[in-house]
Amino acid sequence: MTDATQTAVLAEGVWKIFNEGQLGEVTALQDIDMTVQTGEFVSLIGPSGCGKSTLLRVIADLTEATRGEMTVAGVTPHEARQKQLYGMAFQQAALFEWRTVRRNVELPLELMGWSKDKRRERALELLEMVQLSDFAEHRPWQLSGGMQQRVAIARSLAVDPPLLLMDEPFGALDEMTRERMQNELLRIRRETGKSIVFVTHSIPEAVYLSDRVVVMSPRPGRITDIVPVPLGADRDEDTRESDDFFHAVTAVREALRGRVGGAEARARIGEV
Amino acid sequence: MTDRLRFIWPPILIGVLVLAAWQAIVVVQDIQPYLLPAPSLIAQNFFGDVSLMWGTAIYTATTAFLGLVLGTIVGVIMAFLAQRFIVVNNLITPLAAGLAAVPIIALTPILNNMFSITSRTPRVLVTMIIVFFPMLVNVTRGLVQVQPVQLELMRSMNAKPRTVLRILRVPNAIPFFFTGLKIAAPLSVIAALVAEYFGGPQEGLGSRIASSAANTAYGRAWAYVVAAIITGLVFYLVTIALERWTTPWADRSRSA
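Calculation rules
- Here the residue numbering is sequential within each chain, running from 1 through the sequence in written order.
- Ligands are numbered from 1 and chains lettered from A, in the order in which they are written.
- For this predicted model, a pLDDT threshold of at least 70 governs which residues receive local features, and a threshold of 80 or more governs which side-chain atom pairs are given and counted, while totals over whole chains, interfaces and linings are taken from all residues.
- Remark: hydrogens and water are excluded; side-chain values derive from all non-hydrogen atoms of the structure.
- In this text, helices come from DSSP runs of H or I with a minimum length of four residues, and strands from runs of E with a minimum of two, each type numbered from the N-terminal end.
- Only the C-alpha atoms count toward the radius of gyration. The rule for a globule is 2.2 Å times the residue count to the power 0.38.
- Here's how the labels work: a residue is buried when its accessible area is under 20% of the maximum for its type, exposed when over 50%, partly exposed in between, all with a 1.4 Å probe on protein chains only.
- The criterion used for residue contact is that any of the two residues' heavy atoms lie within 4.5 Å.
- Areas reported as accessible are Shrake-Rupley estimates using a 1.4 Å probe. Residue values count occlusion only from the protein chains shown.
- For the domains described, the bounds stem from an automatic or database domain assignment.
- As a working definition, buried area equals the accessible area (1.4 Å probe) given up by two parts on being put together, with both sides summed.
- Salt bridges are defined by distance alone: a side-chain nitrogen of Lys or Arg within 4 Å of a carboxyl oxygen of Asp or Glu.
- Grouping buried Ala, Val, Leu, Ile, Met, Phe, Trp, Tyr and Cys residues that are joined through side-chain atoms within 4.5 Å yields what is termed a nonpolar core.
- Three categories are distinguished: nonpolar for Ala, Val, Leu, Ile, Met, Phe, Trp, Tyr, Cys and Pro, charged for Asp, Glu, Lys and Arg, and polar for the others, with Gly belonging to the last.
- When DSSP finds at least two bridges between two strands, those strands are taken to pair.
- When the strands point away from the viewer, a crossover counts as right-handed if the path from the first strand over the helix to the second runs clockwise.
- In this analysis, the expected span of each helix is defined as 1.5 Å times one less than the number of residues it contains.

**Regarding the overall build of chain A**
Point 1. If you tally the helices and strands in chain A, you get 9 helices and 9 strands.
Point 2. Here chain A has a C-alpha radius of gyration of 19 Å; the compact-globule value for 272 residues is 19 Å, and the two agree.
Point 3. Along the longest, intermediate and shortest principal axes, the C-alpha atoms of chain A span 55 × 50 × 35 Å.
Point 4. By residue count, 54% of the 272 residues in chain A fall in the buried class.
Point 5. Counting contacts in chain A only where the partners sit at least 6 residues apart, residues at least 24 apart contribute 68% of the total.
Point 6. Carbon and sulfur atoms make up 47% of the accessible area of chain A, which totals about 11900 Å².

Listed below in structure tokens is the structure:
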């Protein structure tokens, strides 16, 4: 048994069944066992309908598991949400257009009852981290998609939660912006030491960012493989062109195709 | 600035040309005032007694304003209830739709009998009922139509329904509120004016248009029509000014 206090996320036998016992019953998650260590970066990857977003939503207490145990930072998802032990970012930046960029970042702090001055100070600090200090008093729609997503990330970090939950946050961005955002995220992770659960359907993205890639498959949604990515902590543009990166990408791709050959590709990582 | 001038000049030019053509046709064809009075005659009547025009317009504008404010208040309150309680929503929607189908102006004689015909009350009530519907529909939509992802975000931040209302739904509804008000404001002037055709105090625009026409004072009747147009326009422009002042974030859609 893993010690729940040492883990950011611990799922044991988690099931999520929609319309259970009724017409149109759908098993979105089947018997999920998963651990995310504190400080670890884990990606959930799989085709649409594999339940990766549902799994993230169970962790976030946006929906409840039908069966099984889920522990987030040592407590139930519900408690974790109430204590704001996680921050969340979505594919859409979901900024409030009537608020300035700074006041969007302040939102979670406002809900927790922080004073105006402290809120402002913290928001400016975060905007500096995502390199948007000059845009603090702009309106969200004056920013590009990538910039808006950086604001959303700053907002998810506002209460300084130990865990970040990200649901395809770069999914709507163009390839160049996306790679830049990935570098940003890795830098923020190095600076803050957050545990991160990251949902994506991009194999290179999952490999570049993660310590481990959880591969899922649909109908019913389940974990088919967990691929470790031993690329080390310091990753940069060169990493994307390295053999190890290529082998890890192949390993994840094979796992997604349900091929045992994944193990072979995995063995090649670090061989050179 | 030159851009702005480019927008302003064409309509003014067209307006002047139309008035000139109108004047020319009336003079050349010798058209009688009961068919179509010349712009000069209308202007003569309008500027001949500006204080009377002003006082008459103010009377109708007051009715319209009272109806607009009361109808807006009731509409907004109902919208909040509709958002909060699905039962109320299910109750209100067909009711409101039914109300919209009633020829409300036609209720004026009945309301005149129910409430004192010598008072402003029946007219304010008619205006209020007409204003209520666009306000209810638009504000409800604004409160309900928030992005699902924004609701999820609020939930992830552990926000209670009341907080979601204050932080998300109400600000989201403000542009919708103004959409409703931009429809309701000119409508309130029309309602207040038409309600005057069914008897009661005679100092409003509707009454004066009717009596001037009945007395063959066509130039005067038309001058009151001009005053009515100006009144409606003022209501609309004030609404737009209010909107720009209170929702600076919506600049994007307006500048586009």
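Moving on, there is more to tell.
**A closer look at the domain arrangement of chain A**
All names here are of chain A.
Point 1. Assigned domains of chain A: these are domain 1 (4–85 + 163–268) and domain 2 (95–160).
Point 2. A straight line from the C-alpha centre of domain 1 to that of domain 2 covers 26 Å.
Point 3. Residue-level contacts link 15 residues of domain 1 with 13 residues of domain 2.
Point 4. Summed over both sides, the interface between domain 1 and domain 2 buries roughly 1200 Å², with carbon and sulfur atoms accounting for 68% of that surface.
Point 5. Run the count over domain 1 and domain 2 and you get 2 salt bridges.
Point 6. As a salt-bridge pair, Lys 194 and Asp 160 come within 2.4 Å of each other at their nearest N and O atoms.

**Regarding the nonpolar core**
Point 1. By size, the foremost hydrophobic cluster in this structure holds 50 residues, and its most contacted members are Met 166, Leu 185, Phe 198, Val 207, Val 213 and Val 252 of chain A.
Point 2. Tallying contributions element by element places helix H8 (residues 243–256) of chain A first for this core, with 6 residues.
Point 3. Of the domains in this structure, domain 1 (4–85 + 163–268) and domain 2 (95–160) of chain A are the two that each give at least three residues to this core.
Point 4. With near-sequence residues (within four places) excluded, Val 207 of chain A lies in contact with Val 213, Val 229, Leu 231, Arg 235, Phe 245, Ala 248, Val 249 and Val 252 of chain A.
Point 5. By size, the runner-up hydrophobic cluster in this structure holds 45 residues, among which are Val 42, Leu 55 and Phe 90 of chain A together with Leu 153 of chain B.

**Overview of the interface of chain A and chain B**
Point 1. Contacts between the two partners involve 23 residues from chain A and, on the opposite side, 20 residues from chain B.
Point 2. When chain A packs against chain B, close to 2200 Å² is buried across both sides, 62% of that on carbon and sulfur atoms.
Point 3. Counting across the interface, chain A meets chain B through 1 salt bridge.
Point 4. Ionic pairing is found between Glu 152 of chain B and Arg 57 of chain A, a salt bridge with its closest N-O pair at 2.1 Å.
Point 5. For the side of chain A that touches chain B, the elements supplying multiple residues, two or more each, are helix H2 (77–82), strand S5 (86–89) and helix H3 (101–111) of chain A.
Point 6. Counting residues per element, the side of chain A that touches chain B draws most heavily on H3 of chain A, at 4 residues.
Point 7. Of the residues contributing to the side of chain A that touches chain B, the split by class is 12 nonpolar, 3 polar and 8 charged.

**A look at the pairing of strand S7 (residues 195–200) of chain A**
Residues and elements named next belong to chain A.
Point 1. With 6 of 6 residues buried, S7 is to be regarded as a mostly interior element.
Point 2. Along S7, one buried face is formed by Ser 195, Val 197 and Val 199 and the opposite face, lined by Ile 196, Phe 198 and Thr 200, is buried too.
Point 3. Note: strand S3 (residues 41–45) against S7, 5 bridges, orientation parallel. Residue Ser 43 lies in a different strand from S7, and its bridge partner there is Phe 198.
Point 4. For strand S6 (residues 163–167) and S7, the ladder comprises 5 bridges, and the chain directions are parallel. Each bridged residue has a counterpart across the sheet, and for Leu 165 the counterpart in S7 is Val 197.
Point 5. In this fold, the crossover linking S6 to S7 by way of helix H6 (residues 175–192) has right-handed handedness.

**Digging into H8 of chain A**
Residues and elements named next belong to chain A.
Point 1. A rise of 1.5 Å per residue sets the reference length of H8, with its 14 residues, at 20 Å; its end C-alpha atoms lie 20 Å apart and thus fit the reference within 8%.
Point 2. Residues of H8 that are buried: Phe 245, His 247, Ala 248, Val 249, Thr 250, Ala 251, Val 252, Glu 254 and Ala 255.
Point 3. A positive backbone phi angle near 75° is found at Gly 258, which sits one or two residues after H8.

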